[in-house]
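A look at the structure
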Amino acid sequence: MKKLALAAAVSLTASTAFAGGMAEPVMEPEVVVQKSSSSGGIVVPLLLLLVVAAAVASN
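What you are looking at is a predicted structure, and each value in this text was computed from that prediction instead of being measured. (Residues numbered from 1 in each chain as written. Predicted model: local features only at pLDDT ≥ 70, side-chain atom pairs only at ≥ 80, totals over all residues. Heavy atoms only, no water.)

All right, on to the overall build of the protein chain then. A tally of helices and strands in the protein chain yields 2 helices and 0 strands. Residues classed as buried in the protein chain amount to 0% of the 59 residues present. Summed over all atoms, the accessible surface of the protein chain reaches about 6100 Å², with 71% contributed by carbon and sulfur. (Helix = DSSP H or I, 4+ residues; strand = E, 2+ residues; numbered from the N terminus. Buried < 20%, exposed > 50% of the residue type's maximum accessible area, 1.4 Å probe, protein only. Areas by Shrake-Rupley, 256 points an atom, 1.4 Å probe, with all protein chains shown as cover.)

Here is the structure:
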């Protein structure tokens, strides 16, 4: 009788341990890197060069 009670207690404990089931896997969001245009890095130096050239030409 003790073995039957022990088996019943173990089966009840085991069923509550798995009550939640398997959890959904958590996926990391994909990182999207925006490519900069090639003209973006040259616009500021060209404008600076034009300002310096205009300043030199006006003297």
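Turning to a nonpolar patch on the surface, a few remarks are in order. Nonpolar side chains collect at one region of the surface, where Ile42, Val43, Leu46, Leu47, Leu49 and Leu50 lie side by side and expose about 580 Å² of accessible area between them. If you trace the backbone, Leu46 turns up in helix H2 (residues 40-58). A relative accessible area of 45% places Leu46 in the partly exposed class. (Patch = residues over 30% accessible without salt bridge, like charges linked within 9 Å, V, L, I, M, F, W, Y side chains within 5 Å. Salt bridge = Lys/Arg side-chain N within 4 Å of Asp/Glu carboxyl O.)

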